[in-house]
Amino acid sequence: MADLEFSVGTFGAFDYMAGRGIENRPDRLINCYEFEFYTEDHEGGLYNDGVFYPARKNYCILAKPGQIQQVVRPKRGYYFNVFSADPELSDRLDRLPNSFEMWDMEEV
């Protein structure tokens, strides 16, 4: 895996605690691999291709290129975006589930 080529586009924290329900903006077409991580449970989450994924402590929600996304408030957490033209890496990322448990985010 050391030979796989990719770049991390953006990363940081977000705080969408104001308001409830689907964010008032157009659906968004995903153009990279977008990972979101949470340190606590929230009422919000994401719709990826019409399927709701709740924001849960120690979970990651992964949006993949070509998916249509809607943000559901309230939620706060961390994110990073991965861009890759490497078919092997893209294949590995495409096989990941859209939501999965990670590690203890408070420790991280």
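Fair warning: this is a prediction, and the values are worked out from it, not measured in the lab.

**Student:** Looking at this model, I keep getting lost on the pairing of strand β4 (residues 45-48). Mind explaining?
**Tutor:** Look at any regular strand and the pattern is simple: side chains alternate between the two faces of the sheet. Where β4 and strand β5 (residues 51-54) come together, four bridges link them in antiparallel fashion. Counted as the bridge partner of Y47 is F52 from β5. In sequence, β4 turns back onto β5 through a hairpin of two residues, with D49 there showing a positive phi of about 50°. Pairing geometry for β4 and strand β7 (residues 68-83), over four bridges, is antiparallel. Bridge pairing in β7 links G45 to V72.

**Student:** I keep staring at the pattern of salt bridges and nothing clicks. Help me out?
**Tutor:** Close approach of charged atoms allows side chains of opposite charge to pair. As enumerated under the stated definition, the model contains eight salt bridges in all. Here E40 makes a salt bridge to R76, at a shortest N to O gap of 3.5 Å. Of the two residues, E40 is situated in the loop between β3 (33-37) and β4 and R76 in strand β7; the sequence distance between them amounts to 36 residues. As a salt-bridge pair, D91 and R95 come within 2.9 Å of each other at their nearest N and O atoms. Look at R95 and you get exposed, because its relative accessible area is 59%. Salt bridges sharing common partners tie together D15, E40 and R76.

Cut-off values and rules
Residues numbered from 1 in each chain as written. Predicted model: local features only at pLDDT ≥ 70, side-chain atom pairs only at ≥ 80, totals over all residues. Heavy atoms only, no water. Pairing = 2+ DSSP bridges. Helix = DSSP H or I, 4+ residues; strand = E, 2+ residues; numbered from the N terminus. Salt bridge = Lys/Arg side-chain N within 4 Å of Asp/Glu carboxyl O. Buried < 20%, exposed > 50% of the residue type's maximum accessible area, 1.4 Å probe, protein only.

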